[in-house]
Structures are given as C-alpha cells and as structure tokens.
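Understanding the architecture of this molecule
Now for the letters of each chain:
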Amino acid sequence: MNSLKHFKICVILIMVSLTSSLANAQISNDITHNDALKALLIAKQKAEELNVVVNIAIVDAGANLKSFIRMDESFLGSIDIAIKKAKTSRYFNIATGDLGKLSQPGGIIYNIEHSNGGLITFPGGIPIIDQNKNIIGAIGVSGGTIEQDRDIAIAGANAILNNLKN
C-alpha cells in the first residue's frame, strides 16, 4: 500500500474511535429512559395517593428534559415550575428546598434564583441518585402544596435507587 492509503485508513480508524468514545461519554452517569419513566410513574402514583394533580418533570444528568407528565386538570403555570425545579436540583445537586434555605435574605447565596434563566428555590426538586451514588438526573414536581410536591418528588427519586437494589 502506498502512504496515502495508510494515511486515509489511519484517519478513518481515529474518527471511528473518537466517535464511539464521544457516544459513550455522552451517556455516562445518565438516567435511562426506562428509569426516567419508572420515576415518573411512581411519582404519579404517589400524587394519586395524595389526591393531588401535579406536573412531574425528569431531567437527565445534563439537566435536559427526559420525561414529563401533566396530570389532567393540573395547573398550566406549574409546567414550567416542575421543569425548573428539576433543573435547579440538578444544576446544584441539592434538593430545591435545601437550596431555598441558603437563598433567603442574609443567606450565602441570596438571590441565586435570578441566575440560570430563573431557578426555583422551594421544595419539590430532588436529585436522582444511582446505586453508585452518582447523580444521574433530577425530578421536579409542582401543583400541590410544597410538602406534597416534595413527598411526590422523593417517591419518584427513590424509585430509581430501589429499582437498582432489586
């Protein structure tokens, strides 16, 4: 073979290697669509047990919307809040209620809710953690009281860890 053919083959092999590496890196520590759906359905079940209609959002490790449900007759305004609760939780790897305690007047991150295109700093957003303690996404719930939203989000987030233990 001549050197030009060798060069072309090397370039092709490098491109194939880089493409497969990038594809694997993109999904590292990310919630699967099956787990996102499981968390969503468990959270919906908890909302039904509490007799409350809510919006439920699941984001992946990159804070991109992965799964969403708007229960019948839930507030339209809660759609955006549920998504922002999930994103806020993932952006800072903390429950939104805990972040809210830090963002009160005099708090160390007062006014943080005005960053990142708007954050939600009251309860209802929970990180989703896998069996290896990696944050693989987050869940946000809006439409009930903050206590109901938090309890529903916790049920959804716990569905993943409990699923992985079984």
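All values derive from a computational prediction rather than experimental measurement.

Before going further, it helps to examine the pairing of strand β3 (residues 125-129). With four of five residues buried, β3 lies mostly within the body of the structure. The pairing of β3 with strand β4 (residues 135-142) spans five bridges and is classified as antiparallel. Counterpart to Gly-125 in the pairing with β4 is Gly-140. In this structure, the hairpin formed by β3 and β4 is closed by a connection of five residues, where Lys-133 is found at a positive phi of approximately 70°.

Another aspect to go through is the environment of Tyr-110. With respect to the helices, strands and loops of the structure, Tyr-110 is situated in the loop between α4 (96-102) and β3. The exposure class assigned to Tyr-110 is partly exposed, which follows from its relative accessible area of 45%.

The next subject is the pairing of strand β2 (residues 65-70). Relative to β2, strand β1 (residues 55-60) runs antiparallel, the two being bridged by five bridges. In the sheet register, Ala-57 faces β2, and the bridge partner there is Phe-68. Linking β1 back to β2 in an antiparallel pair, the connection comprises four residues, with Ala-63 at a positive phi of about 70°.

Another aspect to go through is the nonpolar core. The biggest cluster of nonpolar side chains holds 21 residues, and the ones touching the most others in it are Val-54, Ile-58, Ile-128 and Ile-139. Of all elements in the fold, only α2 (33-49), β1, β3, β4 and α5 (146-165) reach the threshold of two or more residues within this core. Ignoring anything within four residues of it in the chain, the contact list for Val-54 reads Ala-47, Ile-69, Arg-70, Met-71, Ser-74, Val-141, Ser-142, Gly-143, Gly-144, Asp-149 and Ile-152. With six residues, the next largest nonpolar core counts Val-59, Ala-82, Ala-86 and Ala-138 among its residues.

The rules we used
Residues numbered from 1 in each chain as written. Predicted model: local features only at pLDDT ≥ 70, side-chain atom pairs only at ≥ 80, totals over all residues. Heavy atoms only, no water. Buried < 20%, exposed > 50% of the residue type's maximum accessible area, 1.4 Å probe, protein only. Helix = DSSP H or I, 4+ residues; strand = E, 2+ residues; numbered from the N terminus. Pairing = 2+ DSSP bridges. Core = buried A, V, L, I, M, F, W, Y, C linked by side-chain atoms within 4.5 Å. Contact = heavy atoms within 4.5 Å.

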